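Coordinate analysis (summary)
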Amino acid sequence: MLYYCKKCGRIIFLFDSWKRICDCCKSDVYPVPEQYLSSEFSLNEDLKENFLNKYIKSSSEFDQQLYEEREKDAIQHAEDFEKYNSALNHGKAILEEKSRVPKCPICGSANINKITIGSRAVKTAVFGVVGAVDDAGKTYKCGNCGSKF
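How each quantity is defined
- Just so you know, the residues in each chain are numbered from 1, in the order the chain's sequence is written.
- With pLDDT at 70 or above as the cut-off, local features in this predicted model cover only qualifying residues; side-chain atom pairs require 80 or more to be listed or tallied, and sums for whole chains, interfaces and linings still use all residues.
- To get the side-chain values, all heavy atoms of the structure are used, and hydrogens and water are removed first.
- Only protein chains enter the accessibility calculation, which uses a 1.4 Å probe; a residue whose area is less than 20% of its type maximum is buried, one above 50% is exposed, and one in between is partly exposed.
- Secondary structure counts use DSSP, requiring at least four H or I residues in a row for a helix and at least two E residues in a row for a strand, with both numbered from the N terminus.
- This arc is built from the directions going out from the helix axis to the C-beta atoms.
- It only takes one pair of heavy atoms within 4.5 Å for two residues to be counted as in contact.
- To estimate the expected span of a helix, count its residues, drop one, and scale the result by 1.5 Å.
- Think of a polar contact as two N or O atoms within 3.5 Å of one another; within protein, one of them needs to be a possible hydrogen donor and the other a possible acceptor, and neighboring residues in sequence only count if both atoms come from side chains.
- Only buried residues count toward a nonpolar core, which is a set of Ala, Val, Leu, Ile, Met, Phe, Trp, Tyr and Cys residues joined through side-chain atoms within 4.5 Å.
- A pair of strands is labelled paired if DSSP reports no fewer than 2 bridges between them.
- An axis is simply a line fitted to the C-alpha atoms; with a helix, the fit covers only the stretch in contact. Between two such axes, the angle follows the N-to-C directions and lies from 0 to 180 degrees.

A few words on helix H1 (residues 48–57). Buried residues of H1: Phe51, Leu52 and Ile56, and no others. For H1, the buried positions fall inside an angular range of 100 degrees around the axis, keeping them on one side. Lining the buried residues of H1 we find strand S1 (2–5), strand S2 (11–13), strand S5 (42–43) and helix H2 (64–99).

In structure tokens form, the structure reads like this:
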């Protein structure tokens, strides 16, 4: 159910079992009258200004400075949330990219080198066909444990 704070103007959703205290200014909160609701979770936008004037801004507890600060805090919170999401998505992209790097199946190291055609040719020239059999069907060599895969 939606509740409102007469002091700072905060409108929040609370479950019945939660304390009815404003998370912004720690004042008591009150249920939003049903005629101002478009659903259980939101105010009717057409009636919102009427509700604010009648129940919040005309209240003897209303504090204009708290109301303005709460608005600034809400904007800052939204900006911080955007930055957090952007950083989180960037981190996910980095992790996804790192997960695509081939790893040694023996030791799990990413320190691997591609077995080149040149190195195969040199090995064949030096050791003959017997030397080339060692690399047959292999693409990488681990720089840590030396295994070929």
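What follows covers H2. In an α-helix, one turn spans 3.6 residues; hence positions three or four apart end up facing the same way. Over its 36 residues, H2 runs 52 Å from end to end, which matches the ideal 52 Å to within 8%, given 1.5 Å per residue. The N-cap residue of H2 is Asp63: its side-chain oxygen and the backbone nitrogen of Gln65 are 3.0 Å apart.

A general trend in soluble globular proteins is that nonpolar side chains are found buried together. One finds Leu2, Tyr4, Val32, Tyr36, Leu43, Phe51, Leu52, Ile56, Phe62 and Tyr67 forming the largest nonpolar core, which totals ten residues. The element contributing the most residues to this core is H1, with three residues. Excluding residues that lie within four positions of it along the chain, Val32 makes contacts with Met1, Leu2, Tyr3, Tyr4, Leu37, Leu43 and Phe51. Tyr3, Cys5, Leu14 and Cys22 belong to the second-largest nonpolar core, a separate cluster that totals eight residues.

Here three strands make up an open sheet; going across it, the order is S2-S1-S3 and the pairing antiparallel. At either margin of the open sheet sits one strand with a lone partner, and together these are S2 and strand S3 (29–31). On average, adjacent strands in this sheet sit at an angle of 35 degrees to one another, irrespective of strand direction. Relative to S2, S1 runs antiparallel, the two being bridged by three bridges. Within the sheet, the bridge partner assigned to Tyr3 lies in S2 and is Ile12. Across the sheet, H1 touches S1 and S2, and the angle it forms with S1 is around 55 degrees.

Turning next to unusual backbone geometry. A negative phi angle characterises most non-glycine residues, just as the trans form characterises most peptide bonds. Although it is not a glycine, Lys26 sits at a positive phi angle of roughly 65 degrees. Within the secondary structure layout, Lys26 lies in the loop between S2 and S3.

Looking now at the side chain of Arg70. The topology assignment puts Arg70 in helix H2. Classification of Arg70 by relative accessible area gives buried; the value is 11%. A distance of 2.8 Å separates a polar side-chain atom of Arg70 from the backbone oxygen of Cys8. Once you skip the residues sitting within four places of it in the chain, Arg70 turns out to touch Cys8, Gly9, Arg10 and Cys24.

What follows deals with the side chain of Ser27. Within the secondary structure, Ser27 is located in the loop between S2 and S3. Among residues more than four places away in sequence, those in contact with Ser27 are Cys5, Lys7, Arg20, Ile21 and Cys22.

Bringing the environment of Arg20 into the picture now. Note that Arg20 resides in the loop between S2 and S3. When the C-alpha positions of Arg20 and Tyr30 are compared, they lie 7.5 Å apart, and in sequence the two are ten residues distant. Sequence-distant contacts of Arg20, that is, excluding residues within four places in its chain, are made with Tyr3, Leu14, Ser27, Asp28 and Val29.

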